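Listed below, chain by chain, are the residues.
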Amino acid sequence: MTQAKPSLPKPNLLTRLFGGAPDAPAPAPSPAPTSAGSAETGEARTRLGHEPVLHTMLARQILDAHLRNRHQLLDRAPADFRGFGAEETDLLVRAMAAAAHADGELDATERGRIRSRLNTSSLDEEDRDRLQRQVEEPQCLEELIRRVDGPRMAARFYAVSLATVDKHAPINRSYLRYLAQRLGLPADLVVRLNRQMGLRL
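Residues numbered from 1 in each chain as written. Predicted model: local features only at pLDDT ≥ 70, side-chain atom pairs only at ≥ 80, totals over all residues. Heavy atoms only, no water.

Further remarks concern the pattern of salt bridges. Throughout the structure, instances matching the rule amount to seven salt bridges. Between arginine 156 and glutamate 88 there is a salt bridge, with the nearest N and O atoms lying 3.2 Å from each other. In this pair, arginine 156 sits in helix H7 (residues 151-164) while glutamate 88 sits in helix H3 (residues 86-100), placing the two residues 68 residues apart along the sequence. Among the residues examined, glutamate 88 registers a relative accessible area of 28% and is labelled partly exposed. A salt bridge links arginine 147 to aspartate 90, with the shortest nitrogen-to-oxygen separation between them at 3.1 Å. With arginine 147 in the loop between helix H6 (141-145) and H7 and aspartate 90 in helix H3, this pair connects stretches of sequence that are 57 residues apart. Taking the relative accessible area as the measure of exposure, arginine 147 reaches 29% and is therefore partly exposed. Owing to a relative accessible area of 12%, aspartate 90 belongs among the buried residues under this scheme. Here the residues in one salt-bridge network are Asp90, Arg94, Asp127, Arg130 and Arg147, joined through shared partners. (Salt bridge = Lys/Arg side-chain N within 4 Å of Asp/Glu carboxyl O. Helix = DSSP H or I, 4+ residues; strand = E, 2+ residues; numbered from the N terminus. Buried < 20%, exposed > 50% of the residue type's maximum accessible area, 1.4 Å probe, protein only.)

Okay, structure coming up:
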């Protein structure tokens, strides 16, 4: 009579997923840890369990420090064009024009505000006149926003828009909220700019 071969243990799930010898016996269970070992293991798990909390606390501290220094993103006079290059001035004047036309009409007050800011720029008279004419036909806002190359320019873009319009008109307030969102400005920065310009949204 032939002796029946002992049946081999079926491979467990890990073996089937990751490979390995199917006939390898399963490891014997480790002995129960002593009370001291359990305490050490529990303490290690506690430390590992607190790791995400520590990371969150550290992230909050970094964020708080960043917010306290948010003024670094702002200029002393964000709507002042002195020291800006031709490309920056062009973008900001167009930003003012887009804000002025947001309510459907460019009035004399808004036109004067744009001219006043433009006169502080380093552009020559010919370039100023060219930009002043282009104010009458504003560029698409989405195209302008794509030209914003960083947080400082985003803050300037919002600031000059804020300086152009009647800040208390509901339609302009809606436009400014939308603009801040599209520019990705942090809420605390928006509040600060609004307060500088005498507006509370």
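So, about the environment of glutamine 132. Tracing the backbone shows glutamine 132 in helix H5 (residues 125-134). For glutamine 132, a relative accessible area of 15% translates into the label buried. Taking the C-alpha atoms as reference points, glutamine 132 and arginine 94, 38 residues apart in sequence, are found 9.5 Å from one another.

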